[in-house]
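The lines below spell out each chain.
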Amino acid sequence: QVQLVESGGGLVQAGGSLRLSCVASGRTFSSYAMGWFRQAPGKEREFVAVISLSGGSTYYADSVKGRFTISRDNAKNTVYLQMNSLKPEDTAVYYCAVKVSGRWNSPSRADFGSWGQGTQVTVSS
């Protein structure tokens, strides 16, 4: 089973940027599409972005399209989320996860597994 550890969260002002990292254990990282989700207080965990096995294809939630970029480095077993032009509504705990079923770009939470522990992102206005 793949284990995931996220990092890079923090407190940033609106309009600022952060880059999240997610390091995976195991030798099968490149065999999976990878995704990022987020969960704000009192809300459901929601899809943010997903990236294909090779990194050549990406898919984003409408709320982050044009501001966030997902990427991966299979040699480092790491997936990234570059977040620019941050807004207070981006405040949430951000989680990475392994795509374990379904179409590679399906945003369904049920298609993901091996969740990390999350990293807090707080955007002040």
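Note: the structure precedes this text.
Definitions and limits used
All residue numbers here refer to positions counted from 1 along the written sequence of the relevant chain. For a predicted model such as this one, the threshold for reporting local features is a pLDDT of at least 70, and the threshold for listing and counting side-chain atom pairs is 80 or more; totals across whole chains, interfaces and linings nevertheless cover every residue. Heavy atoms throughout the structure, all of them, feed into the side-chain values; hydrogens and water do not. Think of it in three bands: with a 1.4 Å probe and only protein chains considered, a residue is buried below 20% of the maximum accessible area for its type, exposed above 50%, and partly exposed in between. Numbered from the N terminus, helices here are DSSP runs of H or I no shorter than four residues, and strands are runs of E no shorter than two. A pair of strands counts as paired when DSSP detects no fewer than two bridges linking them. The angle between two axes is taken between their N-to-C directions and runs from 0 to 180 degrees, where each axis is a line fitted to C-alpha atoms and a helix contributes only its stretch in contact. Only a pair of cysteine sulfur atoms within 2.5 Å counts as a disulfide in this structure description.

**Q** Which parts of the structure should I look at to understand the pairing of strand E4 (residues 34-39)?
**A** As a general feature of sheets, a regular strand has side chains that alternate between the two faces. Most of E4 sits out of view: five of its six residues are buried. Sheet analysis places E4 next to strand E5 (residues 46-51), joined by five bridges and oriented antiparallel. Residue pairing for E5: Trp36 is matched across the bridge by Ala49. Here six bridges tie E4 to strand E9 (residues 92-99), and the two strands are oriented antiparallel to one another. Bridging across to E9, Met34 finds its partner in Val98.

**Q** Sorry, what's going on with the sheet that holds strand E3 (residues 18-24) here?
**A** With antiparallel pairing, the four strands of this open sheet are ordered in space as E1-E3-E8-E7. Of all strands in the sheet, those bounded by a partner on one side alone are strand E1 (4-7) and strand E7 (68-73). The mean inter-strand angle of the sheet, taken between neighbouring strand axes irrespective of direction, is 15°. Pairing of E1 with E3, which is carried by four bridges, proceeds in the antiparallel orientation.

**Q** Which parts of the structure should I look at to understand the state of the cysteines?
**A** Chemically, a disulfide is nothing more than a covalent bond linking the sulfur atoms of two cysteines. Applying the stated criterion across every chain, the model contains one disulfide. In this model Cys22 forms its disulfide with Cys96; the gap between the sulfur atoms is 1.9 Å. Disulfide Cys22-Cys96: torsion about the S-S bond near 55°, hence right-handed. Of the two residues, Cys22 sits in strand E3 while Cys96 sits in strand E9, which places them 74 residues apart along the sequence. For Cys22, a relative accessible area of 0% corresponds to the buried category.

Nothing here speaks to function; it is geometry throughout.
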